[in-house]
Amino acid sequence: MKRLFSKTFKGAAPAAKPPQSVGAIPATVNPPVHAAGLPPKDTLPPVPHPCPYEYISVLATPEGLLLRPRYLGQQQDLSESEVRVEWGKGGKVHTLSPDAVEANWDDSVVVYGIIGFLELYSASYLLVISSRNEVGNFLDPRHTVYSVKGVTAIPMVEDRARTVLAALAARNTVDKRASLLPTEAARKAQAAADNAAESIDSVEGDGNRSPRVKFAEEDQVKVVSPLPDKAFDVPDEQRPPSPSSTVSTPSSVTSTSTDTVVKALAERLSFWTRLSKRNSRQAATIDHRLVELSDEVASEPLDLDVIAKDESKDPEEILESIVSSAAPPPQTIEEKHTELEDKIVRECIREFTRGGMYFAYTFDITRSLQHKHELIEKAKTQNALLETLNALDDSKRLSPVSDTVDVLAEPSAALPLWRRVDRRFWWNEWLSKLFIDAGLHPYVLPIMQGYYQVSSFTIPREPVAAEQGDTASVEYIIISRRSRDRAGLRYQRRGIDDDANVANFVETETVMRVEREGISNVFSHVQIRGSIPLFWNQQGMALKPAPQLNPERTHDQNLHAIQQHLSKTTAIYGPLTIVNLAEQHGKEAQVTNAYGEYVKELNPEDVKYHAYDFHAETKGMKYENISKLIDELERTFESQGYFWISNNRIMSKQKGVFRVNCIDGLDRTNVVESAFARHVLNRQLGAVALLNQDERRTEMDVVFNDVWANNGDAISRAYAGTSALKGDFTRTGKRDLAGLLNDGVNSLARMYSSTFADWFSQAVIDFILGNRTTSVFSEFLNKLQSTDPRELIRISKIRADAIATCVSRVLPEGERLLSGWTLFAPEELNTKVGDKFEEKVLLLSAKGLYIISYDYTLEKVKMYTRVPLGDIVGITKGAYILSPLEEASRDPLQNAGFIVSWHNSQHQDTRVTSYSIRNSLDLSTPPTSPTSATSPKQSLTSPRKSMLPLSRILSNAAAPVAGQETVFAAFKALPIDPARARRETGSFIQATDELANAKNCKEAVDMIVAAIHQACKEIGNDHRDFVTEADVVSLAEAQRMTSVYAKMEYGVKRLLWLGS
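Everything quoted here is computed from the prediction, not taken from an experiment.

Novice: Outline the overall build of the protein chain, listing residues and values.
Specialist: From N to C terminus, the protein chain includes 32 helices and 30 strands. Taking all 1060 residues of the protein chain together, the buried fraction comes to 51%. In the protein chain, of all internal contacts separated by at least 6 residues, the share reaching a separation of at least 24 is 72%. Taken as a whole, the protein chain presents about 48,900 Å² of accessible surface, with 51% of it coming from carbon and sulfur.

This is the structure:
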């Protein structure tokens, strides 16, 4: 027995359970031997079970939910203990003696592990892993790493639990996964299916063989997003309740498109909804509510298609009918809690199944290779010291310190896995608390958030000794571990907290294995990233404002926080080299420079600070300039080194790490960390005489870039949340012009919806980590009201920041700004009623009027037109009514606008963001056709019309104006929000302050027109009828054009209601 535990545990026990093996007895079978008073979680039985169960049978009984391990391909041992979780809230757990309860385990459902308990308003839920993906092996086939694919929430209410388990069992039966059906009958059925397949193959062999698919011998894990789910043909009597189905109606059969639109309307316009909602990426997940369709909904089907086609109602009444029928607000507190509970459970499941959650049964994935060996070395040193003092208990004796080591050795291998993990990266610890406190160690499965990928490539070599072949195979693994401390989404969690934890802290380890001369060489290197360790924040708006130091925090508080953080980090990783990639000038300068000043003031012994303005140094996306940074840090690379085990001997250790950061700790950080990792990889290969002399793009380049691109994408998804709208640009490095010219209203709506979803996601993250109780959701509902989220998402901040951005991008230096506004306007000039409307920015300077089309998603100026004040011929102001469908939209006081007219002259300047040298338009003359050959030279050099998207866009933009003697632009005042002038950042608030006293849109228009008139007066441009009053679009005109603006009205409603 001593020899058993003196060796490192390699963890094959859970995979196969030999009969009568005492090593597989759960921790709860034998009464633990311990001193009185110790809680169960701190005790172990005489023969511990150090690994979590890989397969767990779940069975519903009248007394509660029964759990016990299931071993693949083995008959169940009758001496195996069982665990019962009582029905109801609180989740009391009892360990039962074998056969204490008579139960038919053939009806049980097998799952891959338990995430933990979720206790909410009306019930508790057991979260189990119902499907998983095998990511790869860590240097050994027994060290398999999995990702969470599907999670099922089992309500601790008997009837509801039976319904969910029945659906899960039906799906498992359809799937026919051998691991979940280890019974003799299932094996016979599978064997019969295999024989049938072989017979078919033999028949095909006699004739023309059908095309066969040959699978790769080695899996290459290169896909971050999950694969599309499979569909199965199931007989109706065996088909599980469909999670995505709603109650069928006659109209739903004949009009699926209308049903989709109606569902989208209801989901957008109300936080509360009875419609079944499901993320398509979670098709493997059995959602408790989606399986349990309530009787009330089933008995009263909602014929939404009939409501939508009711011609007797106005569009406004139809919208109200859809919302009130499909998504009524809860009438009672109990109903409110029930619906909120459903949303919480769904969001919890989404957090674990959207990708980035990993686990292993047989070894610890939360610690780096070097950290594990340091712990083993420390334990053996302490053991040797106690032995010299004759104070060592024989039961705790370890093998002596030796020159040779086991690469995959696990520290304290006899302890349960959850006792060995790094708690910083254990995301479901709070949810597992019930099993931990009960001492049910094999039921506790630690889950880590981050990224894991195993890849391989070949590299040229010169064969030596017994080597054969001119290439060496290299195994390359990346493991990113994201800390649960100060966890959350980008705009909700910034900087540092009072416990010296920073947001988005990620430890990234790269492991490389290569064989030379028959000797295995394993290398490891660790880098870390994290938010700037100061008290600072940044408002969660798509128009990203400048990061600001928290004004409520003093200098001493920031100094103390950064000192604690650096001390804690160096204690774990050794000497620290900070590489700050944030901008040293501009928006990020305040926080960036403060960081450097605080580190300089502290002057810690083991910390070096290196500032590198990534945007300035790599301007034009010239990432090759990062090589200069590597050259500057070459001495640091040499002193740090890397962890290296060759022939089971430790050759070198890593002494210190790089701490890389930008503002987000995402794109820039990932680029630089990948450059550092590539430099270290070259040094590691050079240590075993493998140097890549080929300057062409090699297999190593492809694999390396793929691994690090996936790693950066995974971390970005985890931290950026739904606000990350630029993933395509990050992945491809380009964005087409169609993406640049998105409709402004839709951009705002997506941004509002994303921010709203992020706040709810943050509340759920805080809850599952144990940072908050269910009170966090009451706070969420009170502050972010479902009917009008604008109370928290101040649109005025977004619009004011849009104005400030336009000023910095468009206004020439030295030209004095007078005012700026955001106004609703047709996308094109020279029209009062267009097919598309957008929210434009109007800037008034001492010399000109700037009409700007702004993309709220990309935070960029799409196009602007500069009109000299001297060219303006007049302004018309009056009612601007776009829809007669609502009483509010017919009120001329709340629907007012104005038209500015000017001479079309050479002094006017219009420019488009084209990402090309050509971006200006000549609006005074008609554009020539791209295909017209005005000269032989042009006819020879002009490509086909279909190949001229830039020219076509520029021509289309100029078409409504070109050749016109007088041009005009129409503007409609936005709805007055009394709070929109209130800003906390202090940046450019004067433009909106002048409208703060306006009681309605007409008064706001009067103020804007008066400001433009006064500016024209000051340069001498004034006459008697300069400002006239007349309707821009009258009520009669709006009534004639109602059908044209039906879609536009919905866009405005979505903007105002914020897709609640």
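Novice: Go over the packing of aromatic side chains, please, and point to the residues and values.
Specialist: Counted by the stated rule, this structure contains 23 aromatic pairs. Here the aromatic rings of Phe359 and Tyr361 are separated by 5.4 Å at their centres, their planes lie at 80°, and the arrangement is edge-to-face. Here Tyr361 falls in the buried class, since its relative accessible area comes to 3%. Plain terms: the ring middles of Phe523 and Tyr642 are 5.6 Å apart, the flat faces sit at 70° to each other, and that makes the pair edge-to-face. Here Tyr642 lies in the loop between helix 18 (634-640) and strand 18 (643-646) and Phe523 lies in strand 13 (residues 519-529), a separation of 119 residues in the sequence. Each member of the pair Phe523 and Tyr642 is classed as buried. What links up through ring pairs into an aromatic cluster is the set Tyr53, Phe117, Phe435 and Tyr443.

Novice: Tell me what's going on with the packing of helix 14 (residues 555-573) against helix 15 (residues 589-602), and back it up with residues and numbers.
Specialist: It is the contact of helix 14 with helix 15, at a shortest axis distance of 10 Å, that shows an interaxial angle of 75°. It follows that helix 14 is roughly perpendicular to helix 15 by the angle criterion. Across the interface between the two elements, His555, Asn558, Leu559, Ile562, Gln563 and Leu566 from helix 14 touch Tyr595, Tyr598, Val599, Glu601 and Leu602 from helix 15. For the contact of helix 14 with helix 15, the class distribution of residues is seven nonpolar, three polar and one charged.

Novice: How would you summarise the nonpolar core if you had to cite specific residues and measurements?
Specialist: Counting residues in each nonpolar core, the largest one holds 86 residues, and the members touching the most others are Phe138, Tyr452, Tyr476 and Phe676. Ranked by residues supplied to this core, first place goes to helix 19 (residues 667-687) with seven residues. Contact partners of Phe676, with chain neighbours within four places excluded, come to Gln527, Val579, Leu629, Ile630, Leu633, Phe637, Phe658 and Val660. Counting 40 residues, the second largest nonpolar core, distinct from the first, contains Ala153, Cys348, Ile768 and Leu769.

Novice: Summarise helix 30 (residues 1001-1018); cite the residues concerned and give the values.
Specialist: Helix length check: helix 30, at 18 residues, gives a terminal C-alpha distance of 26 Å against a target of 26 Å (1.5 Å per residue), a fit within 8%. The complete set of buried residues in helix 30 reads Cys1001, Ala1004, Val1005, Ile1008, Val1009, Ile1012, His1013, Ala1015 and Cys1016. End-on, the buried residues of helix 30 take up no more than an arc of 165°, which puts them together on one face. In this structure, the buried side of helix 30 is in contact with strand 21 (817-826), strand 22 (837-845), strand 23 (848-855), strand 25 (872-879), strand 26 (896-903) and strand 30 (1027-1029).

Novice: Mind laying out helix 14, listing which residues take part and the relevant values?
Specialist: When the terminal C-alpha atoms of helix 14 are compared, their 27 Å separation across 19 residues agrees well with the 27 Å that a helix rising 1.5 Å per residue should span. Taken together, the buried positions of helix 14 are Asn558, Leu559, Ala561, Ile562, His565, Leu566, Thr569, Thr570 and Tyr573. Looking straight down helix 14, one finds that the buried residues subtend no more than 165° of arc, so they occupy a single side. Residues of helix 14 that are exposed and point over 90 degrees away from its buried face: Asp556 and Ala571. Where helix 14 is buried, its residues meet strand 12 (506-516), strand 13, strand 16 (576-580), helix 15, strand 17 (607-611) and strand 20 (657-661). Downstream of helix 14 by a residue or two, Gly574 has a phi angle that is positive, lying close to 90°.

Novice: Can you break down the pattern of salt bridges residue by residue, with the values?
Specialist: Here the structure, examined in full by the defined rule, presents 34 salt bridges. A salt bridge links Glu507 to Arg481; its shortest N-O distance comes to 2.7 Å. Placement of the pair is Glu507 in strand 12 and Arg481 in strand 11 (residues 471-482), with a sequence separation of 26 residues. Among the residues examined, Glu507 registers a relative accessible area of 4% and is labelled buried.

Novice: Could you give an account of the pairing of strand 25, with specific residues and numbers?
Specialist: In terms of strand pairing, strand 25 meets strand 26 through seven bridges, oriented antiparallel. In the sheet register, Gly874 faces strand 26, and the bridge partner there is Ser901.

Novice: Residue-level account of the confidence of the model for the protein chain, with values.
Specialist: Predicted confidence across the protein chain gives a mean pLDDT of 74, with 64% of residues reaching 70 or more. Confidence over residues 927-947 falls short of pLDDT 50; this stretch has eleven contacts with residues more than four positions distant or in other chains. Low pLDDT, under 50, characterises residues 1049-1060; the predicted model gives this stretch 36 contacts beyond four residues in sequence or across chains.

Cut-offs used in this document
Residues numbered from 1 in each chain as written. Predicted model: local features only at pLDDT ≥ 70, side-chain atom pairs only at ≥ 80, totals over all residues. Heavy atoms only, no water. Helix = DSSP H or I, 4+ residues; strand = E, 2+ residues; numbered from the N terminus. Buried < 20%, exposed > 50% of the residue type's maximum accessible area, 1.4 Å probe, protein only. Contact = heavy atoms within 4.5 Å. Areas by Shrake-Rupley, 256 points an atom, 1.4 Å probe, with all protein chains shown as cover. Phe/Tyr/Trp six-rings, centres within 6.5 Å; stacked < 30°, edge-to-face > 60°. Axes fitted to C-alpha atoms, helices over the stretch in contact; angles between N-to-C directions. Parallel < 35°, antiparallel > 145°, perpendicular 65-115°, else oblique. Nonpolar A, V, L, I, M, F, W, Y, C, P; charged D, E, K, R; others polar. Core = buried A, V, L, I, M, F, W, Y, C linked by side-chain atoms within 4.5 Å. Expected span 1.5 Å × (residues − 1). Arc of directions from axis to C-beta. Salt bridge = Lys/Arg side-chain N within 4 Å of Asp/Glu carboxyl O. Pairing = 2+ DSSP bridges. pLDDT = per-residue confidence, 0-100.

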